[in-house]
Amino acid sequence: MKNLKKRLKQGETLNGCWLNLGSPLTAEIVGQAGFDWVLIDLEHGAGSEKDALYQLQALEHTAAGVIVRVESAESQRIHRVLDMGAEGIMCPKISNPAEAQKVVNGLHYPPHGSRGVAKMVRATGFAQNFNQYYEESRDTILGVVQIETVEVLNHLDEVAAMDGVDVLFIGPADLSMELGIFGQFDHPRFKEALQETVNAAQKAGKATGILFFNPDDYQRYHDLGIRLIACGADATFVADGARNLAKKLDGFRAVYR
């Protein structure tokens, strides 16, 4: 574990990015780049749960903590990647306290949740340190719920106050779509939703997170009090690098033809 939960509780700002190619090689490259955390995306990414295992193995020796975004709050989806060794779980489109509770239940063993018990898994060193993992898991596993619906804006205080919900993570694309202002991140209603989310999290002593793709937006969100910050993705890094180099070579060809 890379102490993401502890560091957020101490008020640190943690910088991260998305991994959506499903590749252990790009995961390893990004993990060595200097990010505090990375997110393996099983909701929209190209990889499967098996690919997530390979990425977790590739990231083990890097300094980056690993959060996995699962497709839904079904407990099997959650505890499967936790058993693989994920440090945190992000669940998309949580709309009400009941759905948030379902996420929390999947994160933790009884009596604090309903996570199934398996000792012979990667997270426990294949049974070598199950007792230690069990005792420490409530303090180390990070629970992240995504704020992406209109409905959840009416339940922010309730969701934020739940034990086991550690981060309210804003999904700008989905939230702006749900608000009918897709991509208008300067729209007053979007800004209001951001502030409402941050306020609810701070009131409950929890953190707020967001994903953006323009690094120049960093100060804007940091000044709001957002501390789990993600910018970019492995697919973006590859695409941008390839396009920029191809464009540069085209420029040389035009000069030296």
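You'll find the protein entered in an unreviewed UniProt entry as 2,4-dihydroxyhept-2-enedioate aldolase, with Spirosoma fluviale given as the organism.

Observations concerning the pattern of salt bridges
Under the counting rule described, the total for this entry stands at 17 salt bridges. Here D166 ties to K5 by a salt bridge, and the two come within 3.5 Å at their closest N and O atoms. Of this pair, D166 sits in the loop between α7 (156-160) and β6 (167-170) while K5 sits in helix α1 (residues 4-9), and the two are 161 residues apart along the sequence. For the pair D166 and K5, one class covers both residues: buried. Among the ionic pairs, R220 bridges to D186, the shortest N-O distance being 3.2 Å. Taken together, the residues span a long stretch of sequence, with R220 in helix α10 (residues 218-224) and D186 in the loop between α8 (172-178) and α9 (188-203) at a distance of 34 residues. The class of R220 is partly exposed, set by a relative accessible area of 26%.

Some details on helix α2 (residues 24-31)
Of the residues making up α2, those classed as buried are T26, A27, V30 and G31. Each buried residue of α2 lies within a common arc of 135° when the element is viewed along its axis, so the set occupies one face. When the buried face of α2 is taken as reference, the exposed residues oriented beyond 90 degrees from it are L25 and I29. At its buried positions, α2 is contacted by β1 (14-19), β2 (37-41), α3 (49-59) and α11 (234-256). Among the residues of α2, the N-terminal cap falls to S23, whose side-chain oxygen and the backbone nitrogen of L25 are separated by 3.1 Å.

Topic: the packing of aromatic side chains
Here the structure, examined in full by the defined rule, presents 11 aromatic pairs. Their ring planes at 85° and their centres at 6.5 Å tell us that W37 and F169 sit as a pair that is edge-to-face. One end of the pair, W37, is in strand β2; the other, F169, is in strand β6, with 132 residues separating them in the sequence. On the basis of relative accessible area, F169 is assigned to the buried category, the value being 0%. Relative to Y134, the ring of Y109 lies with its centre 5.5 Å away and its plane at 40°, an arrangement referred to as tilted. A residue pair is termed long-range when its members are at least 10 positions apart, and Y109 in the loop between α5 (97-107) and α6 (130-140) and Y134 in helix α6 qualify at 25 residues. In this structure Y109 comes out as buried when scored by relative accessible area, which is 4%. By relative accessible area, which is 36% here, Y134 ends up partly exposed.

What about the nonpolar core?
The tendency in soluble globular proteins is for nonpolar side chains to be buried as a group. The biggest cluster of nonpolar side chains holds 59 residues, and the ones touching the most others in it are V38, I40, V103, V165 and L168. Residues in contact with L168, not counting those within four places in the same chain, are V145, I147, V159, A160, T197, A200, A201, A207, T208 and G209. L14, L142, F169 and A233 belong to the second-largest nonpolar core, a separate cluster that totals 17 residues.

Comments concerning the packing of α2 against α3
One can describe the packing of α2 onto α3 by two numbers: an axis separation of 8 Å at closest approach and a directional angle of 35°. Crossing hand, α2 versus α3: right-handed. Contacts from P24, A27, E28 and G31 of α2 reach α3 at Y54, Q55, A58 and L59. In the contact of α2 with α3, the residues fall into 5 nonpolar, 2 polar and 1 charged.

Side note on the pairing of strand β5 (residues 142-147)
Of all 6 residues making up β5, 6 are buried, and the element is well covered by its neighbours. Side chains L142, V144 and Q146 project from β5 onto one buried face, and the interleaved G143, V145 and I147 project onto a second face that is buried too. Both strand β4 (residues 88-91) and β5 contribute to a ladder of 4 bridges, which runs parallel. By the bridge assignment for β5, I89 is matched with G143. Bridge count for β5 against β6 is 4 bridges, and the pairing is parallel. Within β6, the residue paired with I147 across the bridge is I170.

What counts and what doesn't
Residues numbered from 1 in each chain as written. Predicted model: local features only at pLDDT ≥ 70, side-chain atom pairs only at ≥ 80, totals over all residues. Heavy atoms only, no water. Salt bridge = Lys/Arg side-chain N within 4 Å of Asp/Glu carboxyl O. Helix = DSSP H or I, 4+ residues; strand = E, 2+ residues; numbered from the N terminus. Buried < 20%, exposed > 50% of the residue type's maximum accessible area, 1.4 Å probe, protein only. Arc of directions from axis to C-beta. Contact = heavy atoms within 4.5 Å. Polar contact = N/O pair within 3.5 Å; in protein donor to acceptor, adjacent residues only side chain to side chain. Phe/Tyr/Trp six-rings, centres within 6.5 Å; stacked < 30°, edge-to-face > 60°. Core = buried A, V, L, I, M, F, W, Y, C linked by side-chain atoms within 4.5 Å. Axes fitted to C-alpha atoms, helices over the stretch in contact; angles between N-to-C directions. Left-handed = near helix turned anticlockwise from the far one by under 90°. Nonpolar A, V, L, I, M, F, W, Y, C, P; charged D, E, K, R; others polar. Pairing = 2+ DSSP bridges.

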